[in-house]
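# Descriptive analysis of the structure
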Amino acid sequence: MIACHNLWPCIALVLGLASLTLPAHAEGQEAGTTAEARSDWQRKKCDVYRQAFAEILDHVGREGVSEAFMAQNQAFIDSGCLADVDACPETEADIEVANGLTIASMNAGAASSFSPFRCRE
């Protein structure tokens, strides 16, 4: 397992997801409000996020990634990336994973606001 002790090796990994490049926009598609009613664009963004989450955890490892952060990200994915969850990165490892997921999502054409990273407490 490769450990990412700084962000740049992880960014290189995530940018390898470029083969999943999605359209920069999805004109004419209505956004669905349930997992079943999601647009193709919503499904593709969520697929990229799901795959990036798994790949980043495989490379970074789970050591130092908080259970709450992993659970909230999984809840977001399980909802079809529609749930309003607060995946608050608290540890250095959480932040490393969140940065990688944000870069992967944006590289695929999703807005940075797509991710569930919020700390409202």
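You'll find the structure just up there.
## Focus on the pattern of salt bridges
Tallying each qualifying case throughout the model produces 5 salt bridges. The salt bridge involving Arg50 is made with Asp47; its shortest N-O contact spans 3.8 Å. Residue Arg50 and its partner Asp47 are both found in helix H2 (residues 40-60); the two are separated by 3 residues, about one turn of the helix. Among the ionic pairs, Arg118 bridges to Asp84, the shortest N-O distance being 3.3 Å.

## Examining the state of the cysteines
Taken as a whole and assessed by the stated rule, the structure comprises 2 disulfides. A sulfur-sulfur separation of 2.1 Å characterises the disulfide bridge that pairs Cys46 with Cys81. Residues Cys46 and Cys81 are joined by a disulfide whose S-S torsion is about 75°; by sign, that bridge is right-handed. Within this pair, whereas Cys46 is found in helix H2, its partner Cys81 is found in the loop between helix H3 (67-78) and helix H4 (92-107), the two being separated by 35 residues in sequence. Accessibility expressed as a relative area gives 9% for Cys81, which makes it buried. At a sulfur-sulfur separation of 2.0 Å, the disulfide partner of Cys88 is Cys119. Note on the Cys88 and Cys119 pair: the S-S dihedral is about 105°, so by sign convention the disulfide is right-handed. Linking Cys88 in the loop between H3 and H4 with Cys119 in the segment after H4, this pair joins segments that are 31 residues apart in sequence.

## With respect to the nonpolar core
Side chains of nonpolar character tend, in soluble globular proteins, to be buried together. Residues Tyr49, Phe53, Val65, Phe69, Val97, Leu101 and Phe117 are the most contacted members of the largest nonpolar core, which totals 23 residues. Counting only elements with at least two residues in this core, the list comes to H2, H3 and H4. Looking at which element gives the most residues to this core, the answer is H2, with 7 residues.

Reading the values: the criteria
Residues numbered from 1 in each chain as written. Predicted model: local features only at pLDDT ≥ 70, side-chain atom pairs only at ≥ 80, totals over all residues. Heavy atoms only, no water. Salt bridge = Lys/Arg side-chain N within 4 Å of Asp/Glu carboxyl O. Helix = DSSP H or I, 4+ residues; strand = E, 2+ residues; numbered from the N terminus. Disulfide = S-S within 2.5 Å. Buried < 20%, exposed > 50% of the residue type's maximum accessible area, 1.4 Å probe, protein only. Core = buried A, V, L, I, M, F, W, Y, C linked by side-chain atoms within 4.5 Å.

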